[in-house]
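Residue-level structural notes
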Amino acid sequence: MRGVDDVNVWRNALTELRERVEGVNDWDDQIFQWLRFSFDRLDRLDIKRCFLYCSLFREDYEFFRTKLIEGWIDDGLIDIDDLGSRQKAYDRGHALLEKLVKNCLIEKTGRCRSFGSCDVFKVHDVVRDMAIKSIGPEFGYMVKELRGVANERGWAEDFKKLSLMAISISELPAGLSLKCPSLSTLILSDNHISEIPKSFFEDMGTLKVLDLSRTNIETLPDSICHLENLSVLQLRGCQRLKCLPFLGKLRSLKKLDLRGAGIEAVPQGMELLESLEYLDLFCRDLKDIPTGILPKLSSLQYLAACYLEGTSIKIDLEEVASLKKLETLECRFDGIHELNSFVSESKNFRSLTTYGLAVGYGLRNDISSITDEKFSYKWSDYRSCLQVKRWLEISRLKIDGECMVVLPDNLVDLWIEYMQNMTSRSLNKIVLLENATELRRCGIRNCEGIECVVELDSSSSPSLCCLVLDKLEWLFIDHLPNLCVLVRVGGVPTPPRVLSNLKELYINSCREMRKLLPLELLQALQNLEEIRVWNCAEMEEIIASSDSDASSDKFTFTFPKLRMLELVGLQKLKSICSAKGVKIYDSIEEIDICDCPELKRNPFQLPLLDNGQPSAPPRLTAIKIDSRYSKGWWESVEWDHPNAKNLLQPYLKYCP
């Protein structure tokens, strides 16, 4: 009913809702009828099917948007062939998901904190129960969860879909056979199964989707090769899986997902899978894709073949170019020249709708350089939840400034890490930043030579650089020991819109930085929502005053959208904001402070009422203090107004 403003429609809906619960005395039954009312008002059968698919997830299961849409595609609820492309299928999935969210059948639980704007969803347990009860023959499948499946012998023969996700199955008894001749989908993911009996698949001739992701299986039985109708085989995260049986008989297979599996060679018979549309070989121990295989997979739309932990899967780019239907590519290049040539000259690249490109020797997926687990950041996890996947990783390369990386003009995410022997002092001396006019997120980590994120001077095309930086929404900086400023301006005026769309700013372990945001940048930062600063040993001010007191007095600015301010391990921090005309608390919701011993003089500039009394920020919900370091800090703070401390006391929360 969201968006409906016709009173007659609302009155009719109320009448229908009352009729449903009339004479129903049981409270649980009433709740079911209310929820079923929302379900029945879905105007199309395909939307209802997509919602019911969510009942296959376990209770309290949270998922990213891409996880659900891929499931819909795998199950045939969104037909790529009818729509014409994988991208159009994703677009359809986004529209269906938004419809279900608006009907309150799927809830958006928030954003994954470390991953920018990645939305997280779930189906409430009560809504999920309603979905399970609503499943009937008209929707073509049944769902059942069996705890202790190893002891179950009486399987219903009319199952169409069966979910055994994450129910602690440790083994499947020898000789076990699921007598489900109508089964089309079987989910066994997230269990501790190490072996599958040879007889297990004997009576599953209609099986189309098999998900064994994140299990402990080491091999698959040869009997899997007799599943001639199998279209989706999910083995993601099966780290102990070293090899697969001959797969050449699975002629209906459209999707083979081996991301994170332990395989050391591509499966035998893969070149015979002419229907294959989706192939993910993002595997640590896989060294290459033998020459001659890819051209035979002419239906491929999605190909991922690289890994991040110091290895590179060899892939023939000329063979990739022969894949005329390819829409998504993830691969690694050995050097800058190879990448630049592919980006600048390849017609195949220009036809891609999404891509993930890596150059160098591989990013490390550990978080060893992060000093506190709360600031942990795993780029591999972040990539998996991106709504728009067009990313480039640059790692462990030597760049001397003469050969710069050519960025794709539609690049969205850029990640640079562990650059060696750098003579370049800024991001725009490493990459041709002017090309990337759609860049939204940027991460820079462990690059000793960088002194500023962007250096603007007469030789760096400042207007073009600023056009790019004007679109940037998310900036993550970690372990840049020589970083002094975000933007260094030399010989040109400070552009008025530099970083004007920045929403989230993360800074960690930049020991030379003393002032985070100078006054010259503030006018552009109208959209800043989160500031998180960690372990910057020399940081003295977050929002710095001008060198000239006169100019500072004339300067007025309010951060209209700043919701979150987090300051941790800033030993020399004396002021959050010392500029007289700057107000940062009008929209603030949460302030976190830990181990900032010098921040004692009036850390919060509170707004004043007409009578001169301070007032709390209108949206403030919490001031969180880490009790391990800062419990005594609150008592030592000096306030400009005698009522300020008592005013803020109710918002104070000590965290362990």
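My aim in this report is to walk through the structure given alongside it, one point at a time. Along each chain, residue indices are assigned from 1 in the same order as the chain's sequence is written. Residue-level local features of this predicted model are given only where pLDDT is at least 70; pairs of side-chain atoms are given and counted only at 80 or more, and the full residue set underlies all totals for whole chains, interfaces and linings. By convention in this description, side-chain values take in all heavy atoms of the structure and omit both hydrogens and water.

1. Topic: the overall build of the chain
Counting from the N terminus, the helices are the DSSP runs of H or I reaching at least four residues and the strands are the DSSP runs of E reaching at least two. Helices and strands together make up the secondary structure of the chain, namely 16 helices and 31 strands. For the chain, the proportion of its 656 residues judged to be buried stands at 55%. Any two residues having at least one pair of non-hydrogen atoms within 4.5 Å are treated as being in contact. Sequence separation of 24 or more characterises 66% of the internal contacts of the chain that already satisfy a separation of 6 or more. Computed with a 1.4 Å probe, the accessible areas rest on the Shrake-Rupley method; for each residue, only the protein chains presented here act as cover. Summing over all exposed atoms, the chain offers an accessible surface of approximately 28,500 Å²; the carbon and sulfur share of this is 46%. Using a 1.4 Å probe on the protein chains alone, a residue whose accessible area is under 20% of its type maximum counts as buried, one over 50% counts as exposed, and one in between counts as partly exposed.

2. Quick word on the environment of Thr 109
In this structure, Thr 109 sits in strand 2 (residues 107-111). For Thr 109 and Val 120, which are eleven residues apart along the polypeptide, the C-alpha to C-alpha distance reads 5.6 Å. The contact partners of Thr 109, leaving out residues within four places of it in the chain, are Glu 62, Val 120, Phe 121 and Lys 122.

3. Re the sheet that holds strand 22 (residues 515-517)
Within the open sheet, the three strands sit side by side as 22-24-27. Their pairing is parallel. Looking along the sheet, the strands with just one partner apiece sit at the ends: strand 22 and strand 27 (575-577). Geometrically, the sheet is characterised by an average inter-axis angle of 10° between neighbouring strands, direction not taken into account. DSSP-based pairing: two strands are paired if at least 2 bridges between them are found. Inspection of the sheet shows strand 24 (residues 541-543) paired to strand 27 by two bridges, in the parallel sense. Each bridged residue has a counterpart across the sheet, and for Ile 543 the counterpart in strand 27 is Cys 577. To obtain each axis, a line is fitted to C-alpha atoms, and for helices this fit is confined to the stretch in contact; angles are then taken between N-to-C directions over 0 to 180 degrees.

4. Concerning the side chain of Thr 185
Its place among the elements puts Thr 185 in strand 5 (residues 185-187). Overall, Thr 185 belongs to the buried group, its relative accessible area being 3%. A distance of 2.8 Å separates a polar atom in the side chain of Thr 185 from a polar atom in the side chain of Asp 75. In contact with Thr 185, not counting residues within four places along its chain, are Asp 75, Lys 160, Lys 161, Leu 162, Leu 207 and Val 209. Polar contacts here mean pairs of N or O atoms no more than 3.5 Å apart (in protein, one a potential hydrogen donor and the other a potential acceptor; neighbouring residues in sequence count only if both atoms are side-chain atoms).

5. Some words on the packing of aromatic side chains
Each aromatic ring pair is summarised here by two numbers: the centre-to-centre distance and the angle between the ring planes. Two aromatic rings, drawn from Phe, Tyr or Trp (for Trp, its six-membered ring), form a pair once their centres lie within 6.5 Å of each other, and the interplanar angle then sorts them: stacked below 30 degrees, edge-to-face above 60, tilted otherwise. Throughout the structure, instances matching the rule amount to 17 aromatic pairs. Residues Phe 200 and Phe 201 carry aromatic rings whose centres are separated by 5.2 Å and whose planes lie at 80° to one another, so their mutual orientation is edge-to-face. Judged by its relative accessible area of 2%, Phe 200 is buried. Owing to a relative accessible area of 3%, Phe 201 belongs among the buried residues under this scheme. A centroid spacing of 5.9 Å and a plane angle of 10° characterise the contact between Trp 474 and Phe 476, whose relative ring orientation is stacked. With relative accessibility at 3%, the residue Trp 474 sits in the buried group. Three or more aromatic residues link up through ring pairs in this structure, and these residues are Tyr 53, Phe 57, Tyr 61, Phe 63 and Phe 121. As a reminder, the over-ring test applies to NZ of lysine and CZ of arginine, requiring each to be within 6 Å of the ring centre and within 35 degrees of the ring normal. Lying across the ring of Tyr 418, Arg 396 places its NZ or CZ 4.7 Å from the centre.

6. Some words on a nonpolar patch on the surface
On the surface, Val 4, Val 9 and Trp 10 cluster together into a nonpolar patch covering about 230 Å² of accessible area. Within the secondary structure, Val 4 is located in the segment before helix 1 (7-21). The patches described consist of residues with a relative accessible area above 30% and no salt bridge, like charges being joined within 9 Å and nonpolar side chains (Val, Leu, Ile, Met, Phe, Trp, Tyr) within 5 Å. The rule for a salt bridge is simple: a side-chain nitrogen of Lys or Arg has to be within 4 Å of a carboxyl oxygen of Asp or Glu.

7. Notes on the nonpolar core
For this analysis, a nonpolar core means a set of buried residues of the types Ala, Val, Leu, Ile, Met, Phe, Trp, Tyr and Cys, connected via side-chain atoms within 4.5 Å. Ranked by size, the top nonpolar core spans 151 residues in total, and within it Leu 186, Leu 414, Leu 516, Leu 517, Phe 559 and Phe 604 carry the most contacts. Dropping the residues within four chain positions of it, Leu 186 is found in contact with Leu 162, Leu 164, Leu 178, Phe 200, Met 204, Leu 207, Val 209, Leu 210 and Asp 211. Membership of the second largest hydrophobic core comes to 38 residues, among which are Leu 42, Ile 78, Ile 80 and Ile 106.

8. A few points about the pattern of salt bridges
Inspection of the entire model under this criterion finds 36 salt bridges. The partner of Arg 65 in a salt bridge is Glu 98, with the nearest N and O atoms 3.1 Å apart. In this pair, Arg 65 is assigned in helix 4 (residues 65-74) and Glu 98 in helix 6 (residues 86-102), connecting sequence segments 33 residues apart. Overall, Arg 65 belongs to the buried group, its relative accessible area being 8%. A salt bridge links Arg 514 to Glu 538, with the shortest nitrogen-to-oxygen separation between them at 3.9 Å. Placement of Arg 514 in the loop between strand 21 (504-508) and strand 22 and of Glu 538 in the loop between strand 23 (530-534) and strand 24 is noted, with a sequence separation of 24 residues between them. Here Arg 514 falls in the partly exposed class, since its relative accessible area comes to 38%. Connected via shared salt-bridge partners are Arg 236, Asp 257, Arg 259, Asp 280 and Glu 330.

9. Details of helix 7 (residues 125-134)
Buried within helix 7 are the following residues: Val 127, Arg 128, Met 130, Ala 131 and Ser 134. One side of helix 7 carries all its buried residues, which in axial view fall inside an arc of 155°. Regarding the arc, it is the one traced by the directions from the helix axis to the C-beta atoms.

10. Details of the pairing of strand 21
With five of five residues buried, strand 21 lies mostly within the body of the structure. Sheet analysis places strand 19 (residues 474-478) next to strand 21, joined by five bridges and oriented parallel. For Leu 475, the partnering residue across the bridge sits in strand 21 and is Leu 505. Sheet topology note: the strand 21/strand 23 ladder contains five bridges and is parallel. Counterpart to Leu 505 in the pairing with strand 23 is Ile 531.

11. Structural notes on the environment of Tyr 361
Relative to the elements of secondary structure, Tyr 361 occurs in the loop between strand 12 (354-360) and helix 11 (379-384). Judged by its relative accessible area of 54%, Tyr 361 is exposed.

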